[in-house]
Amino acid sequence: MVTITINGKAVQANEGEMLLAAIRRQGIDTPALCHHDAIEPCGSCRLCMVEITKKEWEGWTRSVTSCLYPVEPGLIVSTHTPQLLELRKTILELYLARSSQSEVIQKMAEDYGITHSSFPVIPDGDDCIMCYACTRICEELGCFAISAVDRGHDKKVSGPLRQPPPDCIGCLSCAHICPTGFIKWQDLDSTRTIWERQFELLSCRTCGKRTITRDFAEYLMKKRNLPAAYFELCDDCKRTETAKTMGKIVVAAQEVLK
Ligand code: FES
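In this text, all values refer to a predicted model and were calculated from it rather than measured experimentally.

Reading the values: rules and limits
Residues numbered from 1 in each chain as written. Predicted model: local features only at pLDDT ≥ 70, side-chain atom pairs only at ≥ 80, totals over all residues. Heavy atoms only, no water. Pairing = 2+ DSSP bridges. Helix = DSSP H or I, 4+ residues; strand = E, 2+ residues; numbered from the N terminus. Axes fitted to C-alpha atoms, helices over the stretch in contact; angles between N-to-C directions. Contact = heavy atoms within 4.5 Å.

Caption draft 1: Structural view of the sheet that holds strand S5 (residues 76-78). Strand order in the open sheet made by the 5 strands is S2-S1-S5-S3-S4, with mixed pairing throughout. The sheet terminates laterally at strand S2 (9-13) and strand S4 (62-65), the two strands that pair on one side only. For this sheet, the mean angle separating the axes of adjacent strands, direction not counted, is 40°. In terms of strand pairing, strand S3 (residues 49-53) meets S5 through 3 bridges, oriented antiparallel. Note on S5: the bridge partner recorded for Glu51 is Ser78. Contacts from helix H2 (residues 82-98) reach S3 and S5 within the one sheet, and its direction differs from that of S3 by about 155°.

Below, the structure written as structure tokens:
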């Protein structure tokens, strides 16, 4: 543990952890769109910028992305200076110009007093802010199904050559991690649709609830050495079965001890 100062208050933090974590532990609201605990930080959205200095820096300050900057002893951190607020407003206006329909962006902008962008609104803009959280989680899973394709204004996240990604397993990690809810999917009866592909959904053999896609189950069997039987029950029924088994063990043990 080391001591750092955040907004004038001395606090304890773990050396090497990212500043954003230490800041959030203090209940300080610092916007962050591209950060997620499940993936390595990449610093793409720039919203979490903070100002840092140290006593020995003699008044020199530096702006850093707090999701990527590790805690060091003696750091003095400011999260809401007038310059930082202006910077965040500008970034949010840029996002608002690109993703004017995104409720997440609208809400964040509103929190900073912004209701419209002073930048030209991109007419065919969408809710993707190019933070790559989706492609990063897909890579970390080892699927590499989606990536950024094309360049400049045409750049977008997609399967190879803008086609439905053949390596997608329909696990929904990308959709769940997307900060703006841009990645759409649908479960209908026994079919999941995402990235213009359709996947068969498995059903719990006890209650019939749909669980995960067959492709995802096969992926987990191969990568994690899980038996096929593991996927026969939904999580609720697994818990019920475990409780029943434990109950039987307890009764058997009591019989032995009589
Ligand atoms: S959360 Fe740090 S740059 Fe996006």
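Caption draft 2: Spatial organisation of the environment of Met49. With respect to the helices and strands, Met49 occurs in strand S3. When near neighbours in sequence (up to four residues on either side) are disregarded, Met49 contacts Ser63, Val64, Thr65, Leu84, Leu87 and Arg88.

Caption draft 3: Structural context of the sheet that holds strand S8 (residues 185-188). Here 4 strands make up an open sheet; going across it, the order is S8-S9-S10-S11 and the pairing antiparallel. If you trace the sheet from one side to the other, it starts and ends with S8 and strand S11 (210-213), each paired once. Strand-to-strand, the axes of this sheet are offset by a mean angle of 30°, without reference to chain direction. Two strands pair when backbone bridges link them, and S8 and strand S9 (residues 191-194) are joined in this way by 4 bridges, in the antiparallel orientation. From the neighbouring strand, Leu188 faces S9, where its bridge partner is Thr191. Strand contacts of helix H6 (residues 214-224): strand S10 (197-203) and S11, with the helix running at about 65° to S11, the strand carrying the most contacts.

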